[in-house]
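Summary of the model geometry
Here is how the chains run, residue by residue.
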Amino acid sequence: MLTSADGVTFDEAYNLRTAEDLQPRRYEGLYKNAGYSYPKSIVWNGFLYAAYGTNKEDVQLSRVPVADLARRGAPGGERGPGR
């Protein structure tokens, strides 16, 4: 997930899910790759909601408090994986 303070420059990245979270693919098919795809997101009522397809078979949703994202970038704030 990439975020932006001005809607033009997207300069903060967060991993909401990784390959370790991905369930096995159940069905074979043309142009099907394992992974996350078609992400869409919205901030509402203090939460970031991110929806995405998994393995082109399922739809999943991640819900993250926006305050948790803001703390990660603050001096002395929490640092997540890959940061």
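Some details on the pattern of salt bridges
By the definition in use, this model includes three salt bridges. In this structure, aspartate 58 and arginine 26 form a salt bridge, with 3.0 Å as the shortest nitrogen-oxygen distance. With aspartate 58 in strand β5 (residues 58-65) and arginine 26 in the loop between β2 (12-13) and β3 (36-44), the pair connects residues that are 32 residues apart, well separated along the chain. Since its relative accessible area comes to 24%, aspartate 58 is described here as partly exposed. Two residues, glutamate 57 and lysine 32, come together in a salt bridge whose shortest N-O distance is 2.7 Å. Residue glutamate 57 is located in the loop between β4 (47-54) and β5, and its partner lysine 32 is located in the loop between β2 and β3; the two are separated by 25 residues in the primary sequence. Across this residue pair, the class does not change: glutamate 57 and lysine 32 are buried.

Regarding the sheet that holds β5
Taken in spatial order, the three strands make up an open sheet running β3-β4-β5, and their pairing is antiparallel. Across the chains shown, the open sheet's two edge strands, defined by having one partner strand only, are β3 and β5. Direction aside, the axes of adjacent strands within the sheet are offset by 20° on average. When β3 meets β4, the two strands line up antiparallel, connected through seven bridges. The residue of β4 that forms the bridge with tyrosine 36 is threonine 54.

Cut-offs and rules
- Residues numbered from 1 in each chain as written.
- Predicted model: local features only at pLDDT ≥ 70, side-chain atom pairs only at ≥ 80, totals over all residues.
- Heavy atoms only, no water.
- Salt bridge = Lys/Arg side-chain N within 4 Å of Asp/Glu carboxyl O.
- Helix = DSSP H or I, 4+ residues; strand = E, 2+ residues; numbered from the N terminus.
- Buried < 20%, exposed > 50% of the residue type's maximum accessible area, 1.4 Å probe, protein only.
- Pairing = 2+ DSSP bridges.
- Axes fitted to C-alpha atoms, helices over the stretch in contact; angles between N-to-C directions.

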